[in-house]
Amino acid sequence: VIVISLFTPNHSSAEFDPYLKDSTITTEDFNKPNVPTFDQYKVALKFQGNPAPVNIKCHPMAKRYRTRLRDGSKTGPDFADHITVVTWGAGTGCYQIAFVDAKNGQVYFQDDLSYNYAGEGVVDGEIIVMNKTLLYRRDSKLLIVAGCPNEDCDKRQGIHYYVWTGKGLKEIYT
């Protein structure tokens, strides 16, 4: 059983109590009726070969994070056929997110999802920092985020469902 408890970043881990804080996500939350599924957003796997070099000139933030983007995209696409999801730590329980197109090296940063605060979680009774709370597959254009996109825990905590449009993500369900 995995429990993710979300709370604003100003709470210390000494205050951590998954039953008293702002929000708790359990595995059952991913299985509610009518939530989007990966199979509803399947894509054909067409991309083959090596990923294109990262184009650090295509986005103002790409040059700043060029090492993370290059290292993260070396393994090739893992989302929506030809997209590589690249993440890196941005503080305790928080990470940054970028998307690299393996076909042409284009880098995308999503304005409403450039950071995700994932909080802390309890796995088998142990408190852990949840720093990878993205669910996605190469054969689907659905991306599921558990946390607080852009660290907006007051308004946006919970599970968010996005679809890749070809140029970025569109939120379709919360």
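Remember, predicted model here, so these are calculated numbers, not experimental data.

What follows covers the pattern of salt bridges. Across all of its chains, the model carries six salt bridges by this definition. The residue aspartate 39 makes a salt bridge to lysine 42 at a minimum N-O spacing of 3.8 Å. Of the residues examined, aspartate 39 reaches a relative accessible area of 54% and is grouped as exposed. Among the salt bridges present, the one from arginine 137 reaches aspartate 39, with a minimum N-O distance of 3.2 Å. Remark: aspartate 39 occurs in the loop between strand 2 (23-26) and helix 1 (60-64) and arginine 137 occurs in the loop between strand 9 (134-136) and strand 10 (142-149); sequence separation between them is 98 residues. On the basis of relative accessible area, arginine 137 is assigned to the partly exposed category, the value being 30%.

Bringing the side chain of aspartate 139 into the picture now. Here aspartate 139 lies in the loop between strand 9 and strand 10. Side-chain polar atoms of aspartate 139 contact the side chain of arginine 137, separated by 2.9 Å. Those residues in contact with aspartate 139 that sit more than four places away from it in its chain are Tyr41, Lys42, Val43 and Leu45.

Of the residues in the protein, 64% reach a pLDDT of 70 or more, and the chain-wide mean stands at 76. Predicted confidence for residues 1-22 stays below pLDDT 50, and this span has 63 contacts to residues more than four positions away or in other chains. Under a pLDDT of 50 for its full length, residues 127-131 has, in the predicted model, 18 contacts with residues more than four places off or in other chains.

Let us now look at the side chain of glutamine 96. Tracing the backbone through its elements, the reader meets glutamine 96 in strand 4 (residues 94-101). Within polar-contact distance, the side chain of glutamine 96 engages the side chain of tyrosine 65 at 3.2 Å.

A few words on the environment of leucine 142. In this fold, leucine 142 is placed in strand 10. Setting aside its immediate chain neighbours within four residues, leucine 142 contacts Pro36, Thr37, Phe38, Tyr41, Phe79, Leu135, Tyr136, Tyr161, Tyr162, Val163 and Ile172.

What follows is about the packing of aromatic side chains. Here the structure, examined in full by the defined rule, presents eight aromatic pairs. For the ring pair tyrosine 108 and tryptophan 164, a centre distance of 5.4 Å and an interplane angle of 80° mean the geometry is edge-to-face. Pair noted here: tyrosine 108 is in strand 5 (residues 107-108) and tryptophan 164 is in strand 11 (residues 158-164), with a separation of 56 residues, a long-range link. Tryptophan 164 matches tyrosine 108 in its accessibility class, with the two residues each being buried. Relative to tyrosine 173, the ring of tyrosine 161 has its centre 5.5 Å away and its plane inclined at 75°; by these criteria the two rings are edge-to-face. One end of the pair, tyrosine 161, is in strand 11; the other, tyrosine 173, is in strand 12 (residues 169-173), and 12 residues separate them in sequence. A relative accessible area of 2% means that tyrosine 161 is categorised as buried.

Cut-off values and rules
- Residues numbered from 1 in each chain as written.
- Predicted model: local features only at pLDDT ≥ 70, side-chain atom pairs only at ≥ 80, totals over all residues.
- Heavy atoms only, no water.
- Salt bridge = Lys/Arg side-chain N within 4 Å of Asp/Glu carboxyl O.
- Buried < 20%, exposed > 50% of the residue type's maximum accessible area, 1.4 Å probe, protein only.
- Helix = DSSP H or I, 4+ residues; strand = E, 2+ residues; numbered from the N terminus.
- Polar contact = N/O pair within 3.5 Å; in protein donor to acceptor, adjacent residues only side chain to side chain.
- Contact = heavy atoms within 4.5 Å.
- pLDDT = per-residue confidence, 0-100.
- Phe/Tyr/Trp six-rings, centres within 6.5 Å; stacked < 30°, edge-to-face > 60°.

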